[in-house]
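Coordinates in review
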Amino acid sequence: MKINELGVLPSSEFYAHTPNEFSRKHLFTLHFAGRYDCNVDYIIERTFHDYYLLLKVTHGQLRLELGQQIFTINANELLLFDCRIPHKYYATKPISFEFIHFKGNASKEFYDMIIQLYGPVISVLNDMEVIKAIENILSMLEHNKISDFKASYEIHKILSLLIEGNHTVSSASDLKDVIIFIDENSEKPLNINDLAKIASLSVYHFSRKFKKFTGLSPHEYVILKRLTHAKSLLKNTNFSINKISDIIGFSSPSHFIASFKKHTNMTPKEFKNFRF
């Protein structure tokens, strides 16, 4: 569903869902969601909205004014807050983000616990499980195959992972600089020995620790970053497949096409022409 709203670009998508009575009484419930690309005119200001908002910035920067406090949310950070509190949020630069409005079940209890641990801004830089759960929810909506039970499961999973993640952040702190480095240089040739040096770990221990905290090998993580960049280029530019392959750092167009199809079940051309 397209949305005509100030600052929201035509590439954006908005989805709405109405849970049934059983779900509203017993489950976490999904109500609105979307993927937005916005320019600096984007702004939302409300006194009340009867949902919790989970928003993940993928590119750019968002600012939240909540009561007397101001928070800045950057790429790879997640925003969680209670929209029943008067609030305003807006783009400070061109931005892309994914969002979910939810409530129900034990939302308040989970929300209160997460806010005590982190505040409303949470890094999900190396939490691929949280990122995947958000993707699963949006995918259900995109393909009009929404299940209240599955949506509840994914929301519960996100909130639980955020709480449990608090116990592991400090032990993964030596990976933060590595992940930032990969995110900023994914299109370049990356050597595992150099990455291990950034973390001050041996290659063996670095590989094991990276896999433990991201669920991916360093190589797999780099490939997914490149493919995410490729999706944006395919949808937002007229670059050829060969040029995109070169921009994102694949050794050859054939390698790019094979990797893209492996992870998306589409060729780059099919993805570019597919209407989401």
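Residues numbered from 1 in each chain as written. Predicted model: local features only at pLDDT ≥ 70, side-chain atom pairs only at ≥ 80, totals over all residues. Heavy atoms only, no water.

1. A word on the overall build of the chain
A tally of helices and strands in the chain yields eleven helices and eight strands. A principal-axis box enclosing the C-alpha atoms of the chain has dimensions of 50 × 45 × 35 Å. Sequence separation of 24 or more characterises 69% of the internal contacts of the chain that already satisfy a separation of 6 or more. Positive and negative charge centroids in the chain, built from 33 and 29 side chains respectively, lie 5 Å apart. (Helix = DSSP H or I, 4+ residues; strand = E, 2+ residues; numbered from the N terminus. Contact = heavy atoms within 4.5 Å. Lys, Arg positive; Asp, Glu negative; His and termini not counted. Charge placed at Lys NZ, Arg CZ, Asp CG, Glu CD.)

2. A look at the confidence of the model for the chain
Chain-level statistics for the chain give a pLDDT mean of 91 and a share of 96% at 70 or above. Confidence, expressed as mean pLDDT per element, reaches its minimum in the chain at helix α7 (residues 203-214) with 85 and its maximum at strand β7 (residues 87-104) with 97. Of the regions scoring below 50 in pLDDT, residues 167-171 engages in three contacts with residues more than four places distant in sequence or in other chains. (pLDDT = per-residue confidence, 0-100.)

3. Quick look at the packing of aromatic side chains
Scanning all chains against the criterion turns up 18 aromatic pairs. Taking the centre distance of 6.0 Å and the plane angle of 75° together, the rings of F81 and Y89 count as edge-to-face. Taken individually, F81 and Y89 each receive the classification buried, so the pair is uniform in this respect. Aromatic pair F256 and F260: ring centres 5.9 Å apart, planes at 75°, arrangement edge-to-face. In this pair, F256 and F260 are both assigned in helix α10 (residues 253-264), four residues apart and thus about one turn of the helix distant. Its end group placed over the ring of F250, R226 keeps NZ or CZ at 5.8 Å from the ring centre. In this structure, K243 packs its charged tip against the face of F239, placed 5.2 Å from the ring centre. (Phe/Tyr/Trp six-rings, centres within 6.5 Å; stacked < 30°, edge-to-face > 60°. Buried < 20%, exposed > 50% of the residue type's maximum accessible area, 1.4 Å probe, protein only. Lys NZ or Arg CZ within 6 Å of the ring centre and 35° of its normal.)

4. A word on the pairing of β7
Across ten bridges, strand β2 (residues 28-38) lies against β7 in antiparallel orientation. Bridge pairing in β7 links G34 to F99. Of the strand pairs in this sheet, strand β3 (residues 43-46) and β7 are connected by four bridges, and their pairing is antiparallel. Counted as the bridge partner of I43 is Y90 from β7. Bridging between strand β4 (residues 52-66) and β7 involves 13 bridges; their strand directions are antiparallel. Residue pairing across strands places L62 opposite A91, the latter belonging to β7. (Pairing = 2+ DSSP bridges.)

5. What to know about the side chain of H87
With respect to the secondary-structure elements, H87 resides in strand β7. A distance of 3.5 Å separates a polar atom in the side chain of H87 from the backbone oxygen of C83. At a separation of 2.7 Å, a polar atom in the side chain of H87 contacts the main-chain carbonyl oxygen of I85. Beyond its immediate chain neighbours, meaning those up to four positions away, H87 contacts I44, E45, R46, L64, E65, L66 and F81. (Polar contact = N/O pair within 3.5 Å; in protein donor to acceptor, adjacent residues only side chain to side chain.)

6. Structural notes on the environment of I158
Following the sequence through the fold, I158 ends up in helix α4 (residues 148-165). The buried category is assigned to I158, whose relative accessible area is 1%.

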